[in-house]
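Descriptive structure summary
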Amino acid sequence: MKITVNAPAKINLFLDIIGKLDNGYHSLFMVMQSVGLSDEVIIEETAEKGIFLTCSDERLPTDEKNIAYKAAKKFCDVAGVEPSVKIHIEKRIPFAAGLAGGSADAAAVLRALNDYYGNPLSILALAELGAQVGSDVPFCVVGGTAMVEGKGEKLRKLPDMPDCIFVVCKPDFSVSTPALYKKIDEVAIAQRPDNRAMESALVAAAVTKESNADTLRGKHGAVKGMTGTEGLRCTNNAVGAEKTDLRCGLVHFTGSAAAVAVASTHKLCHHSVDVS
């Protein structure tokens, strides 16, 4: 038996760090959005007892250090099954980019194993299980568009964004999330994203089917002051084109790491974009 599951990346339409919790984690307020860029997770039966993980990217661990492996072990423990499975991850999502590549793989493993063993757990149970593995895993289990709170375990479904093209640019360096949060703890946050306006913008987009580039430009006041880059236009370096106005909205980080995303309605963005 062989099961193949897509593991979509996510971007944050906004991310607000509320404060530090007593356990060292941070309380967050976010709107997350699934995107078309995805890894592929393949699960196959094997004659040997155990969980055997392989990955197309040799830089990633394939043992207990990999979040997907942790998710597989957690599922088998909770579902009460003795695994004899091989799990292969075909990587396409850049890691350490704020795109939840690892969490997406873990969520896909949970969904695939649940299917493999006859769906013993509900989607809600899988999301709750995912919260024990990683903060972004519950959202990646559910996907779509959602308000995410707490450490990532509290989700509320929002209206889906109409079809939209995001240009994602990942520089040749990464940002450590713990190091970033530590820096944020040392400063006062003067201006925060407006979560109500973002939700209103998504509702308006769902009703009118208007351009999402318009929505993320802050037409409804959703992301003004979010990054200090309001009105910044996507330049030719974003997709390797020359002297091209891509008619982009607000540039913002995909998460807490180094990659940035921008919504665009330009036809050029419907073609291949290098996000590596």
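Basis of the calculations
Within each chain, residues carry numbers counting from 1 in the order of the written sequence. This being a predicted model, a pLDDT of at least 70 is required before a residue's local features are given, and a value of 80 or more before pairs of side-chain atoms are given or counted; all residues contribute to the totals for chains, interfaces and linings. With hydrogens and water set aside, each side-chain value is computed from the structure's full complement of heavy atoms. Within the patch definition used here, like charges are joined within 9 Å and nonpolar side chains (Val, Leu, Ile, Met, Phe, Trp, Tyr) within 5 Å, considering only residues with over 30% relative accessible area and no salt bridge. Exposure was quantified through the Shrake-Rupley algorithm and a 1.4 Å probe, taking into account, for residues, occlusion by the shown protein chains and nothing else. Throughout this description, the term salt bridge denotes a Lys or Arg side-chain nitrogen within 4 Å of a carboxyl oxygen of Asp or Glu. Each helix corresponds to a stretch of at least 4 residues labelled H or I by DSSP, and each strand to a stretch of at least 2 residues labelled E; elements are numbered beginning at the N terminus. Residue exposure (1.4 Å probe, protein chains only): buried if accessible area is under 20% of the type maximum, exposed if over 50%, otherwise partly exposed. Expected span of a helix: the number of residues minus one, times 1.5 Å. Contacts are assigned to residue pairs with any non-hydrogen atoms lying within 4.5 Å of each other. The definition of a polar contact used here is a pair of N or O atoms within 3.5 Å, where within protein one atom must be able to donate a hydrogen and the other to accept one, and adjacent residues in sequence count solely through side-chain atom pairs. Note on geometry: axes are lines fitted to C-alpha atoms, helical ones only across the stretch in contact, with angles between N-to-C directions running from 0 to 180 degrees. In this scheme, roughly parallel covers angles under 35 degrees and roughly antiparallel covers those over 145, while 65 to 115 is roughly perpendicular and the rest are oblique. Should the near helix be turned anticlockwise from the far one by less than a right angle, the crossing is termed left-handed; should it be turned clockwise, right-handed. Side-chain classes are defined by residue name, with Ala, Val, Leu, Ile, Met, Phe, Trp, Tyr, Cys and Pro counting as nonpolar, Asp, Glu, Lys and Arg as charged, and the others, Gly among them, as polar. Two rings belonging to Phe, Tyr or Trp (six-membered ring only in the last case) form a pair when the distance between their centres is within 6.5 Å. Interplanar angles under 30 degrees mark stacking, angles over 60 mark edge-to-face geometry, and anything in between is tilted. To be clear, the arc concerns the directions from the helix axis to the C-beta atoms.

1. Thoughts on a nonpolar patch on the surface
Together, I123, V142 and L155 give the surface a local cluster of nonpolar side chains, amounting to about 230 Å² of exposed area. Looking at where V142 falls in the secondary structure, it is placed in helix α4 (residues 137–142).

2. A word on the pattern of salt bridges
A complete count under the given rule lists five salt bridges for this structure. D39 serves as the salt-bridge partner of K91, at 2.6 Å between the closest nitrogen and oxygen. Here the residue K91 occupies a position in the loop between β4 (84–90) and α2 (101–116), and D39 occupies one in strand β2 (residues 26–45), the gap between them amounting to 52 residues. Across the salt bridge formed by D105 and K91, the nearest N and O atoms sit 3.2 Å from each other. Taken as a pair, D105 in helix α2 and K91 in the loop between β4 and α2 lie far apart in primary sequence, 14 residues in all. Considered together, D105 and K91 belong to a single accessibility category, that of buried residues. Connected through shared salt-bridge partners, D39, K91 and D105 make up one network.

3. Observations regarding helix α1 (residues 67–79)
In a regular helix each residue adds 1.5 Å, so 13 residues correspond to 18 Å; α1 covers 18 Å between its end C-alpha atoms and thus fits that length. Of all the residues in α1, the buried ones are I67, A68, Y69, A71, A72, F75 and C76. Contacts made by the buried residues of α1 are with β3 (50–55), β4, α2, α3 (123–131) and α4. Between the side-chain oxygen at the start of α1 and the backbone nitrogen of A68 there is a gap of 2.8 Å, and the oxygen is on N66.

4. A short note on the packing of α2 against α3
α3 packs onto α2 with a crossing angle of 135° between their chain directions and a minimal axis gap of 10 Å. As judged from the angle between their axes, α2 and α3 are oblique. Crossing angle aside, the handedness with which α2 passes α3 is right-handed. Between α2 and α3, the residues in contact are L110, R111 and N114 and L126, L129 and G130, respectively. Looking at the contact of α2 with α3, its residues break down into three nonpolar, two polar and one charged.

5. Some words on the packing of aromatic side chains
Applying the stated rule across the entire model yields three aromatic pairs. Considering the side-chain rings of F14 and F29, the 6.4 Å spacing of their centres and the 10° angle between planes classify their relative orientation as stacked. Of this pair, F14 sits in strand β1 (residues 2–20) while F29 sits in strand β2, and the two are 15 residues apart along the sequence. Residue classification places F14 among the buried residues on the basis of a relative accessible area of 1%. On the basis of relative accessible area, F29 is assigned to the buried category, the value being 18%. For the pair Y116 and Y117, a centre-to-centre distance of 4.8 Å together with 80° between the ring planes defines the contact as edge-to-face. The class of Y116 is buried, set by a relative accessible area of 14%.

6. Structural notes on α3
Within α3, burial applies to L126, A127, L129 and G130. Along the long axis of α3, the arc covered by the buried residues comes to 160°, so they all point the same way. Exposed side chains of α3 directed beyond 90 degrees from the buried face belong to L124 and E128. Elements that come into contact with the buried residues of α3 comprise α1, α2 and α4.

7. Things to note about the packing of α1 against α2
Where α1 meets α2, the closest approach of the two axes is 8 Å, and the angle between their N-to-C directions is 30°. Here α2 runs roughly parallel to α1, going by the angle between their axes. The handedness of the crossing between α1 and α2 is right-handed. Together, I67, A68, A71, A72 and F75 of α1 and G102, S103, D105, A106, V109, L110, L113 and N114 of α2 make up the contact between the two elements. For the contact of α1 with α2, the residue count by class is nine nonpolar, three polar and one charged.

The values are spatial; any link to function lies outside them.
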